[in-house]
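# Structural description and commentary
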Amino acid sequence: MAPRITGTTRLLGVFGDPVEHSLSPCMHQAAIAALELDYVYVPFHVRREDLADALRALPALGVRGVNLTIPHKERALALVDEVTPEAEASGAVNTVRVEGTLLVGHCTDGAGFMAPLTSTGIALDGVRAVVVGAGGAARSVVHRLVSAGAAVLVANRRAQRAADLCAAMERYARRSAPRWVSLDDSAVVQAAMAEADLVVNTTPIGMWPHLNDAPPAPAEWLRQGCTAYDLIYRPEETLWLRRARERGCRTINGIGMLVHQGAESLAYWTGARPPADVMEGAVRIALTGP
Ligand code: NAP
């Protein structure tokens, strides 16, 4: 159904480059329609060099807020007027809220990551976790895991990046500081995975269209009965996740994180409680569409 746009309708959107494959417009528009909110959510193709100008234009245009996606999330930290503690810890802004003339940067990736764990009753205090990858998404993941009391090992191709991530996360650790290892050190990674309760793939390996690729932390190293969590949502089940399921692991894909980071953003802008089931339905239709 086409959105009803009137003179009072407020604007929301997503800045990205590219932005045409973003699932956010359909997911947010479905929630806006279900809640009968007077908003419309649109994609903005904003190039890297135009981010500062595009952000500065938001108050003048009366835009309520935007999501930021590749390649803007990290750079926006320095371009907004204020950042929330969550954005600071995540080292990224995926949600900007316009408050008068001020831009407030927030990050909902961590809340999105947590939602499927919470809803399946997986407690994190004292859990042994391995996080594969140390990029932007890994930062939100490690922040939430160490804050909840998990013992985390970060395994990354570029060891220095993992070391930097762990150093930045030390102050958030409820129990023990996160540790790191190079993915080349396969004996250490294998031993840690054999003991882990939770293993999270935060690399893009296995993402569409590279469906036959699997991360360098093979599912065969997972302990039967552990939880394997892949942040990828396209495809719904990566090769790594399928192998984990066949090994008898509990599996979680990236759809729940995608939906819940979006729901948190919409709540942050509007104060409404978005219907995650409606948003997930819209995402699933978009993922199976042409
Ligand atoms: P990023 O900042 O570019 O980080 C990518 C990470 O993957 C880095 O640690 C990188 O290692 C590693 N990597 C990439 N290719 C590799 C390879 N061939 N071998 C070994 N390691 C490799 O990306 P990101 O923003 O964190 O996103 C990562 C993934 O998370 C993507 O698939 C994205 O779609 C997904 N994600 C999902 C959600 C969701 O809502 N479900 C949200 C955010 C992200 P180096 O440091 O050595 O380069």
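In this report, the structure presented in the accompanying data block is examined. Keep in mind that this is a model prediction, so the values were computed, not measured. (Residues numbered from 1 in each chain as written. Predicted model: local features only at pLDDT ≥ 70, side-chain atom pairs only at ≥ 80, totals over all residues. Heavy atoms only, no water.)

### Some details on the packing of aromatic side chains
Any pair of aromatic rings gets described here by the distance separating the centres and the angle formed by the planes. According to the stated counting rule, one finds three aromatic pairs in the structure shown. Seen from their ring centres, Tyr 41 and Trp 269 are 6.2 Å apart, and the 50° between their planes marks the pair as tilted. Residue Tyr 41 is located in strand 2 (residues 39–45), and its partner Trp 269 is located in helix 9 (residues 255–270); the two are separated by 228 residues in the primary sequence. Exposure remark for Trp 269: the relative accessible area of 2% places this residue in the buried category. Taken together, a centroid distance of 4.8 Å and an interplanar angle of 20° make the contact between Phe 113 and Tyr 229 stacked. Placement of the pair is Phe 113 in helix 4 (residues 109–119) and Tyr 229 in strand 11 (residues 227–230), with a sequence separation of 116 residues. Across the pair, Tyr 229 and Phe 113 agree in class, each one buried. A cation over an aromatic ring shows up here: Arg 97 above the ring of Tyr 268, its NZ or CZ 3.9 Å from the ring centre. (Phe/Tyr/Trp six-rings, centres within 6.5 Å; stacked < 30°, edge-to-face > 60°. Helix = DSSP H or I, 4+ residues; strand = E, 2+ residues; numbered from the N terminus. Buried < 20%, exposed > 50% of the residue type's maximum accessible area, 1.4 Å probe, protein only. Lys NZ or Arg CZ within 6 Å of the ring centre and 35° of its normal.)

### Observations concerning the sheet that holds strand 11
Taken in spatial order, the six strands line up as 9-8-7-10-11-12 in an open sheet, and their pairing is parallel. Because the sheet does not close on itself, it has two edges, and the strands there are strand 9 (179–182) and strand 12 (250–252). On average, each strand axis in the sheet is tilted by 20° relative to the strand beside it, whichever way the strands run. Alignment of strand 11 against strand 12, held across three bridges, turns out to be parallel. Within strand 12, the position partnered with Tyr 229 by the bridge is Ile 252. Where helix 4 meets the sheet, it contacts strand 10 (198–201), strand 11 and strand 12, and its direction lies at approximately 150° from that of strand 11. (Pairing = 2+ DSSP bridges. Axes fitted to C-alpha atoms, helices over the stretch in contact; angles between N-to-C directions. Contact = heavy atoms within 4.5 Å.)

### Here we look at the site of the ligand
What surrounds the ligand is a group of 20 residues, the closest being Ala 134, Ala 137, Asn 156, Arg 157 and Arg 161. Contacts to the ligand include Arg 161, whose side-chain N or O atom sits 2.8 Å from an oxygen atom. Here a nitrogen atom of the ligand and a backbone polar atom of Gly 254 are 3.0 Å apart. For the ligand, the accessible surface in isolation is 930 Å², of which the surrounding protein chains cover 78%. If you list the elements that add at least two residues to the shell around the ligand, you get helix 5 (136–147) and helix 9. (Near = heavy atom within 4 Å. Polar contact = N/O pair within 3.5 Å; in protein donor to acceptor, adjacent residues only side chain to side chain. Areas by Shrake-Rupley, 256 points an atom, 1.4 Å probe, with all protein chains shown as cover.)

### Section: the environment of Ala 168
With respect to the helices, strands and loops of the structure, Ala 168 is situated in helix 6 (residues 159–169). For Ala 168, a relative accessible area of 26% puts it in the partly exposed group. Once the C-alpha coordinates of Ala 168 and Glu 86 are considered, the two residues, 82 residues apart in sequence, prove to be 13 Å apart.

### Concerning the environment of Ile 32
Relative to the elements of secondary structure, Ile 32 occurs in helix 1 (residues 24–35). Distance in space between the C-alpha atoms of Ile 32 and Phe 44 is 18 Å, their sequence separation being twelve residues. Other than its neighbours up to four places away in sequence, Ile 32 contacts Leu 12, Leu 37, Tyr 39, Val 40, Tyr 41 and Leu 266.

### Details of the sheet that holds strand 1 (residues 10–16)
Taking strand neighbours across the sheet as the criterion, the six strands line up as 2-1-3-5-6-4 in an open arrangement whose pairing is mixed. Of all strands in the sheet, those bounded by a partner on one side alone are strand 2 and strand 4 (82–83). Sheet analysis places strand 3 (residues 65–68) next to strand 5 (residues 95–99), joined by three bridges and oriented antiparallel. When the sheet's bridge partners are listed, Gly 65 is paired in strand 5 with Arg 97. The sheet contacts of helix 9 involve strand 1, strand 2, strand 3, strand 5 and strand 6 (102–106), and relative to strand 5 the element is tilted by about 5°.

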